[in-house]
Amino acid sequence: MLIALHDAERDHMPGKIFPNFALMKISAYHKAQGDTVTWRNACENDEYDLVYSSKVFDFTPENPYLPPNAITGRTQRGKRHYT
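Residues numbered from 1 in each chain as written. Predicted model: local features only at pLDDT ≥ 70, side-chain atom pairs only at ≥ 80, totals over all residues. Heavy atoms only, no water.

This brings us to helix 2 (residues 21–32). Its 12 residues give helix 2 an end-to-end C-alpha distance of 17 Å, which sits within 8% of 16 Å, the value for a rise of 1.5 Å per residue. Buried within helix 2 are the following residues: Leu23, Ser27 and His30. The buried residues of helix 2 occupy an angular sector of 70 degrees when projected down its axis, which confines them to one face. Opposite its buried face, helix 2 presents the exposed residues Phe21, Lys25, Tyr29 and Ala32, each directed more than 90 degrees away. (Helix = DSSP H or I, 4+ residues; strand = E, 2+ residues; numbered from the N terminus. Expected span 1.5 Å × (residues − 1). Buried < 20%, exposed > 50% of the residue type's maximum accessible area, 1.4 Å probe, protein only. Arc of directions from axis to C-beta.)

See below:
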């Protein structure tokens with residue numbers, strides 16, 4: 001399977017240096033299953049089997065260009081929420 005990861009803060013914080021640990025755990029899981037994992041680049045290829053998007057901060061806007069079947073997650077007041 002071809003898995004894409006989307007870090008929402010990377011879009012809005014060009015100098016971001018901290019990793020998104022949720023995406024790193026998802027990446028490790030899928031790589032252990034033998035899947036190919038890459039950062040999502042909508043300009044090159046949007047034919048992914050699964051797309052995961054994660055954001056850390058509440059003020060980070062939603063990305064309207066994610067595919068409708070993308071699995072999104074965020075933190076809110078110390079709790080994780082997934083849709």
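Here the focus is the pattern of salt bridges. Within the structure shown, the criterion is met by 1 salt bridge. Note that Lys55 is salt-bridged to Glu62, the shortest N-O span being 3.0 Å. On the accessibility criterion, Lys55 (8% relative accessible area) is buried. In this structure Glu62 comes out as exposed when scored by relative accessible area, which is 54%. (Salt bridge = Lys/Arg side-chain N within 4 Å of Asp/Glu carboxyl O.)

The next point concerns the pairing of strand 1 (residues 2–7). Extensive coverage of strand 1 is indicated by the burial of 5 of its 6 residues. Of the strand pairs in this sheet, strand 1 and strand 2 (residues 36–39) are connected by 4 bridges, and their pairing is parallel. Among the inter-strand pairings, Leu5 is bridged to a residue of strand 2, identified as Trp39. For strand 1 and strand 3 (residues 50–55), the ladder comprises 5 bridges, and the chain directions are parallel. Within strand 3, the position partnered with Leu5 by the bridge is Tyr52. (Pairing = 2+ DSSP bridges.)

The values reported here are purely geometric and, on their own, carry no functional implication.
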